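Architecture and fold: a report
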Amino acid sequence: MKQNDQVFNVPVRYDVEEQREIVAKVTLDWRQMREIVENFFNYMCYEERMMWIHQNVKKKPRQLSPQEQRKIDLWEKTRKLRRAKEI
């Protein structure tokens, strides 16, 4: 294992009889971690990315403009309405 490698416990299946997750220990190098993070963000639209960063990153990358904040607010309202209709 190299200095920058990280070990993660990744659930791979669920054992119904023992009522527990089966976990694989996975060692990832920095290239693999970068690919996972890039793929995570690539599946989001721009507004979703900004909202995720805004909600999950303690140090904000920058102050949102009023226009960006309105887009995020509108997106959140739309998402809540969609979920309400699904229920």
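Preceding block: the structure.
Please read all numbers here as calculations on a predicted model, not as lab measurements.

Quick notes on the rules
- Residues numbered from 1 in each chain as written.
- Predicted model: local features only at pLDDT ≥ 70, side-chain atom pairs only at ≥ 80, totals over all residues.
- Heavy atoms only, no water.
- Phe/Tyr/Trp six-rings, centres within 6.5 Å; stacked < 30°, edge-to-face > 60°.
- Buried < 20%, exposed > 50% of the residue type's maximum accessible area, 1.4 Å probe, protein only.
- Helix = DSSP H or I, 4+ residues; strand = E, 2+ residues; numbered from the N terminus.
- Contact = heavy atoms within 4.5 Å.
- Pairing = 2+ DSSP bridges.
- Expected span 1.5 Å × (residues − 1).
- Patch = residues over 30% accessible without salt bridge, like charges linked within 9 Å, V, L, I, M, F, W, Y side chains within 5 Å.
- Areas by Shrake-Rupley, 256 points an atom, 1.4 Å probe, with all protein chains shown as cover.
- Salt bridge = Lys/Arg side-chain N within 4 Å of Asp/Glu carboxyl O.
- Axes fitted to C-alpha atoms, helices over the stretch in contact; angles between N-to-C directions.
- Parallel < 35°, antiparallel > 145°, perpendicular 65-115°, else oblique.
- Nonpolar A, V, L, I, M, F, W, Y, C, P; charged D, E, K, R; others polar.

Within this structure, the stated rule accounts for 3 aromatic pairs. Ring geometry for Phe40 against Phe41: centres 5.1 Å apart, planes inclined by 80°, an arrangement best described as edge-to-face. Exposure remark for Phe40: the relative accessible area of 38% places this residue in the partly exposed category. For the pair Phe41 and Trp52, a centre-to-centre distance of 5.2 Å together with 85° between the ring planes defines the contact as edge-to-face.

Time to look at the environment of Ile72. For Ile72, the location among the structural elements is in helix α3 (residues 66-86). Classification of Ile72 as buried rests on a relative accessible area of 4%. Sequence separation of Ile72 and His54 is 18 residues, and the distance between their C-alpha atoms is 9.8 Å. Every residue in contact with Ile72, bar those within four places of it in the chain, is listed here: Glu47, Met50, Met51 and Leu64.

Here we take up the pairing of strand β2 (residues 20-28). In this structure, strand β1 (residues 6-15) lies alongside β2, joined through 9 bridges in antiparallel fashion. What sits directly across from Val10, in β2, is Ala24. Count of turn residues in the β1/β2 antiparallel hairpin: 4 residues, of which Gln19 carries a positive phi of about 55°.

Now for α3. Taking 1.5 Å per residue, 21 residues should reach 30 Å; α3 reaches 30 Å between its end C-alpha atoms and fits that length. The buried fraction of α3 amounts to 2 of the 21 residues, a small share that puts the element mostly on the outside.

This part takes up a nonpolar patch on the surface. Taken together, Phe8, Val10 and Val12 make up a surface patch of nonpolar side chains, about 240 Å² in accessible area. Within the secondary structure layout, Val10 lies in strand β1. Judged by its relative accessible area of 34%, Val10 is partly exposed.

The next thing to look at is the packing of helix α1 (residues 30-42) against helix α2 (residues 46-56). Interhelical geometry of α1 versus α2 gives an angle of 120° and a closest axis separation of 9 Å. On the basis of the axis angle, α1 is oblique to α2. Residue-level contacts link Phe40, Phe41 and Asn42 of α1 to Arg49, Trp52 and Ile53 of α2. For the contact of α1 with α2, a count of residues per class yields 4 nonpolar, 1 polar and 1 charged.

Interpretation note: all reported values are geometric properties and have no functional meaning in isolation.
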